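Tertiary structure, described
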Amino acid sequence: MRTAFCFDLDGTITATELLPCIASHLGISSEMATLTRATMEGTISFEESLRLRCLILGMVPAEVVHGIVASVPLNGDIVQFIGARASDCFVVTGNLDVWIGPLVNSLRATLYSSEGTFSEGRLVLNSILDKATAIDDLRTRCGYSRIIAVGDGANDVPMLRNADVAIAFGGVHKPSNAALEESDYVTYCQQALCKLLKGL
Amino acid sequence: MQTIKGAVIAAAGLGSRLGCGVPKCLIEVEGVCLLSHLIRCVERHVEVIHVVVGYREELIQEYCSTHHRNVVLVRNALYRSTMTSSSYALGAKHLDGKILYLDGDLLMAETECSKFVEAAVNVPVLVGITGTKSDNPVYVSTVHTGGTTKVTGFSYDHASSHEWANVLCAPADFFSESSGHVFHTLSAHLPLPAHEIVLYEIDTDNDLKNASAGFLRQFSDQETL
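Below or above, wherever it landed, is the structure these notes cover.

This part is about the overall build of chain B. Of regular secondary structure, chain B possesses 6 helices and 13 strands. Against the compact-globule benchmark of 17 Å for 225 residues, chain B has a radius of gyration of 16 Å, which places it among compact chains. Seen along its three principal axes, the alpha-carbon backbone of chain B occupies a region of about 50 × 40 × 35 Å. Looking at the 225 residues of chain B, the share that counts as buried comes to 55%. When contacts within chain B are restricted to residue pairs at least 6 apart in sequence, long-range pairs at least 24 apart make up 74% of them. Side chains of chain B give 16 positive and 25 negative charges; the mean places of these two sets differ by 2 Å.

Below, the structure is given as structure tokens:
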């Protein structure tokens, strides 16, 4: 039996949400926090939210974003867990490849994400990830028979719902009610999460 | 000798007889809720603690996210139609080795828990029994041979000096095929080694009063809550 471990990125692998960090570069932290909260709670859809965030944050050059992302603290135990079995670990994020690609490369995990490109200094959003498609791909194309998924937000619901074992992670902030509802387990610290993952 | 790997605390039930509108494990005795006290009792003995939640799980989630971030909550979505053995099976599903199983509505001293754990490492299954005192006891019949006590039966009707304490130590897969009362599962394996443990099960208002009084009387000089 081949098992794939799928992790949300923001607030799961990272110890803080990434987009507010980028927003602070523009001095619009509180506005972005409001948008993030509304998205986490499912008040507006992830797609709507990402389009808005890309519009707002798209003016920040990619290399500046990479620098900000590289400085964000990570959950060390989760990073270590991924490093020990990187070929079976997947980062499944609605965030953009052009922003978080280098970070995920450093983890040596495989990335499923939304996709964007920079054109004449402006960010163009090409596709938004539906996390269910990542799970489908892991089963059908990659041949995994068991999927374990870890997430915290409303946009993790399709991933959690389609996984064999679903874990809501509240290490950074309270998991959304929608994510909790789809979960088999709830954990509040990365050490407890990793012990659980190792036993699965 | 086999050390105990994990603890599973069953806290999914409705607690309808107490009728307090919150999970029974969140009832406070002397300002500390039952769940906190149980976690304190077991955390020094095990690597992982799984708390099975169902009825008003959001309250336990909120409580643990603040006070017990080291535990894993296991969601029993079918808590209304299943019994404690199903919660135990769910809670221990991905664990291995020997597990300490406890009902979430128990009040006991840490020293009592420690003595039970010490006794449990020497036998594959150890059943907790306690002096009869609850409003709705499941009585146990026992035999004493060669300095050890063994449980030979469980009953609602045949009154005896001891009742089932709702604490046991058993392998992680012990409840994998179970769905009824925990003592029904145990009945299929009798006779089983028993260990007497001083604790209070809280099913009714009267149990709660007795537990509070008994806890103060018996344990206040042993520990600080």
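From this point, things continue past the structure.
A separate point is the interface of chain B and chain A. Between chain B and chain A, the residue contacts involve 16 residues of the former and 20 residues of the latter. Carbon and sulfur atoms supply 53% of the area that chain B and chain A bury against each other, a total of about 1,400 Å² over both sides. By the criterion of area lost to chain A, the three top residues of chain B are R69, R75 and H94 of chain B, representing 47% of everything that side buries. On the surface where chain B and chain A come into contact, there are 1 salt bridge. In this structure, R75 of chain B engages E181 of chain A in a salt bridge whose closest nitrogen and oxygen atoms are separated by 3.7 Å. In this assembly, chain B and chain A are joined by 10 residue pairs in polar contact (both at pLDDT 80 or more). Counting only elements with at least two residues in the side of chain B that touches chain A, the list comes to strand 4 (48-53), helix 2 (57-67) and strand 5 (72-75) of chain B. Of the residues contributing to the side of chain B that touches chain A, the split by class is 7 nonpolar, 5 polar and 4 charged. Relative to strand 5 of chain B, strand 7 (residues 185-187) of chain A runs antiparallel, the two sharing 3 bridges. By the bridge assignment for strand 5 of chain B, Y185 of chain A is matched with V74 of chain B.

Per the stated rule, a full pass over the model turns up 13 salt bridges over all chains. Between D156 of chain A and K131 of chain A there is a salt bridge whose closest N-O contact spans 2.5 Å. Of this pair, D156 of chain A sits in the loop between strand 5 (146-151) and helix 9 (157-162) while K131 of chain A sits in helix 8 (residues 131-140), and the two are 25 residues apart along the sequence. Here D156 of chain A falls in the buried class, since its relative accessible area comes to 0%. On the basis of relative accessible area, K131 of chain A is assigned to the buried category, the value being 1%. The salt bridge involving K24 of chain B is made with D105 of chain B; its shortest N-O contact spans 2.7 Å.

Calculation criteria
- Residues numbered from 1 in each chain as written.
- Chains lettered and ligands numbered in written order.
- Predicted model: local features only at pLDDT ≥ 70, side-chain atom pairs only at ≥ 80, totals over all residues.
- Heavy atoms only, no water.
- Helix = DSSP H or I, 4+ residues; strand = E, 2+ residues; numbered from the N terminus.
- Rg over C-alpha atoms; globule rule 2.2 N^0.38 Å.
- Buried < 20%, exposed > 50% of the residue type's maximum accessible area, 1.4 Å probe, protein only.
- Contact = heavy atoms within 4.5 Å.
- Lys, Arg positive; Asp, Glu negative; His and termini not counted.
- Charge placed at Lys NZ, Arg CZ, Asp CG, Glu CD.
- Buried area = accessible area lost by both parts, 1.4 Å probe.
- Salt bridge = Lys/Arg side-chain N within 4 Å of Asp/Glu carboxyl O.
- Polar contact = N/O pair within 3.5 Å; in protein donor to acceptor, adjacent residues only side chain to side chain.
- Nonpolar A, V, L, I, M, F, W, Y, C, P; charged D, E, K, R; others polar.
- Pairing = 2+ DSSP bridges.

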